[in-house]
Every structure is written in C-alpha cells, then in structure tokens.
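# Descriptive analysis of the structure
The residues making up each chain are set out below.
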Amino acid sequence: MRILDCACGIGTQAIGIAQRGHTVVAADLSKAAVRRAAREARKLGLDMEFHVADMRDLSALARSDFDAVLVADNSLPHLLSDEDLRRALENIFFD
C-alpha cells in the first residue's frame, strides 16, 4: 500500500507503517519535525520520502497515487477555523 501521512510530525506513525512494509510519503508543516523524522527513518534503514507541506495545501505532492491518507493524533484540531478545516479536508480527499 502507498500511504500519505500529511501531518507526520516527527514520524512516529509514518515510520511504524513503513516498518510494516508499506510505502509511506510523509509531510508536515514543521521543517524541524520533518528533518527529525527523516533522520529517524534513515537510522532504521527505511527508504521514505519526506516533504515540508501544509495539509491545507498539498499541491506540491503527487496526488493520484496514494491508497490511503493518514492524519493522525491531534493534527486536525490545530486548525482553528472552519475555512482551514475545509481546505485541509479538500486537500486530503483527492481522486
């Protein structure tokens, strides 16, 4: 399965899923979190793709080749307006 974790933070879920044999692309708004997640994945010998991206605008990512999109933990509640939530969900739900 090819999975996008669009709010990966430091990679806890993305790395765990990749360890189970899935292809995972991980993205987060925080450049520091993405750097840390990529470092941890390399330490574990995982071949993962990481991006700095806001879940409200995932246009920089190839959008049509994911089987599932993950938004774990408390990522969505960080969006404080209805408009931000709407934009994120529109970006997460793609053909």
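Scroll up a little and you will see the structure.
Conventions adopted
Residues numbered from 1 in each chain as written. Predicted model: local features only at pLDDT ≥ 70, side-chain atom pairs only at ≥ 80, totals over all residues. Heavy atoms only, no water. Helix = DSSP H or I, 4+ residues; strand = E, 2+ residues; numbered from the N terminus. Rg over C-alpha atoms; globule rule 2.2 N^0.38 Å. Buried < 20%, exposed > 50% of the residue type's maximum accessible area, 1.4 Å probe, protein only. Contact = heavy atoms within 4.5 Å. Salt bridge = Lys/Arg side-chain N within 4 Å of Asp/Glu carboxyl O. 1 Å grid on protein atoms, 1.4 Å probe; cavity = no way out; pocket = protein on both sides within 12 Å on 5 of 7 lines; lining within 4 Å. Points joined across faces, edges and corners; volume = space filled by probe spheres on them. Nonpolar A, V, L, I, M, F, W, Y, C, P; charged D, E, K, R; others polar.

## A closer look at the overall build of the protein
- In terms of regular secondary structure, the protein is built from 3 helices and 4 strands.
- Starting at the N terminus and walking to the C terminus, you meet the elements of the protein as β-α-β-α-β-β-α.
- The C-alpha radius of gyration computed for the protein amounts to 13 Å, which stays within 12% of the reference 12 Å derived for 95 residues, consistent with globular compactness.
- Its C-alpha atoms put the protein at 40 × 25 × 20 Å along the principal axes.
- Here the protein, with 95 residues, has 42% of them falling under the buried criterion.
- Within the protein, contacts between residues at least 6 apart in sequence are counted, and of these 61% link residues at least 24 apart.

## Some points on the pattern of salt bridges
- One pass over the full model with this rule turns up 7 salt bridges.
- Here Arg 87 makes a salt bridge to Asp 84, at a shortest N to O gap of 3.7 Å. With Arg 87 and Asp 84 both in helix H3 (residues 82-92) and 3 residues apart, the pair spans about one turn of that helix.
- Asp 84 gets classed as buried once you look at its relative accessible area, which sits at 18%.
- A salt bridge links Glu 90 to Arg 86; the nearest nitrogen and oxygen atoms lie 2.6 Å apart. With a gap of 4 residues between them, Glu 90 and Arg 86 both fall in helix H3, about one helical turn apart.
- Bridged by salt links that share partners, the residues Asp 54, Arg 56, Asp 84 and Arg 87 form one connected network.

## Overview of the layout of surface pockets
- Its volume calculated, the largest pocket comes out at about 180 Å³.
- Grouping the constituent residues of the lining of the largest pocket by class yields 6 nonpolar, 3 polar and 3 charged.

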